[in-house]
Amino acid sequence: MGKRDRLSDDEIAGFVAAHPGWVQAGERIERSYSFPDYGAGVGFVMRIALLAERRDHHPDIALSWGKVRVAWSTHDAGGLTALDLELAELTDRLNTG
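None of these values were measured; they are calculated from a predicted model.

A. Layout of the side chain of Thr-81. By the element assignment, Thr-81 lies in the loop between β4 (67–72) and α3 (82–96). Accessibility expressed as a relative area gives 0% for Thr-81, which makes it buried.

Shown next as structure tokens:
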């Protein structure tokens, strides 16, 4: 199976169970992160943006004071793919350092 092939519900459920904070929301996975101020959230968004550009795969991001919500999905696959799960894990790593 390729990185852009749609995953099964069981594969998605396994990922969500093993990755605290991530939830399935329809055809995507999403997570919210908290920050001490607006600038820290903006910095996090910029790190995600650089990752997304390198991978040519872009999440939906919502930024507000002290909070960032990130959602991954592969629109042309009609749902979640291995690439989305990989980038979700990398998003968590960007948050921790």
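B. Structural view of the sheet that holds strand β2 (residues 28–34). The antiparallel open sheet is built from 4 strands, whose spatial order is β1-β2-β4-β3. The sheet is open, and its two edges are formed by β1 (23–25) and β3 (60–64), each paired on a single side. The mean inter-strand angle of the sheet, taken between neighbouring strand axes irrespective of direction, is 25°. In terms of strand pairing, β2 meets β4 through 6 bridges, oriented antiparallel. Bridged to Ser-34 within β4 is Lys-67. Packing of helix α2 (residues 38–55) onto the sheet brings it into contact with β2, β3 and β4, and relative to β3 it is tilted by some 165°.

C. Looking closely at α2. For α2, with 18 residues, the first-to-last C-alpha span of 26 Å sits near the 26 Å given by 1.5 Å per residue. Those residues of α2 that sit buried are Gly-41, Phe-44, Val-45, Ile-48, Leu-51 and Ala-52. On an axial view of α2, the arc spanned by its buried residues comes to 120°, and they lie on one face. Opposite its buried face, α2 presents the exposed residues Leu-50, Glu-53 and Arg-54, each directed more than 90 degrees away. Contact partners of the buried residues in α2: β2, β3, β4 and α3.

Rules of the game
- Residues numbered from 1 in each chain as written.
- Predicted model: local features only at pLDDT ≥ 70, side-chain atom pairs only at ≥ 80, totals over all residues.
- Heavy atoms only, no water.
- Helix = DSSP H or I, 4+ residues; strand = E, 2+ residues; numbered from the N terminus.
- Buried < 20%, exposed > 50% of the residue type's maximum accessible area, 1.4 Å probe, protein only.
- Pairing = 2+ DSSP bridges.
- Axes fitted to C-alpha atoms, helices over the stretch in contact; angles between N-to-C directions.
- Contact = heavy atoms within 4.5 Å.
- Expected span 1.5 Å × (residues − 1).
- Arc of directions from axis to C-beta.

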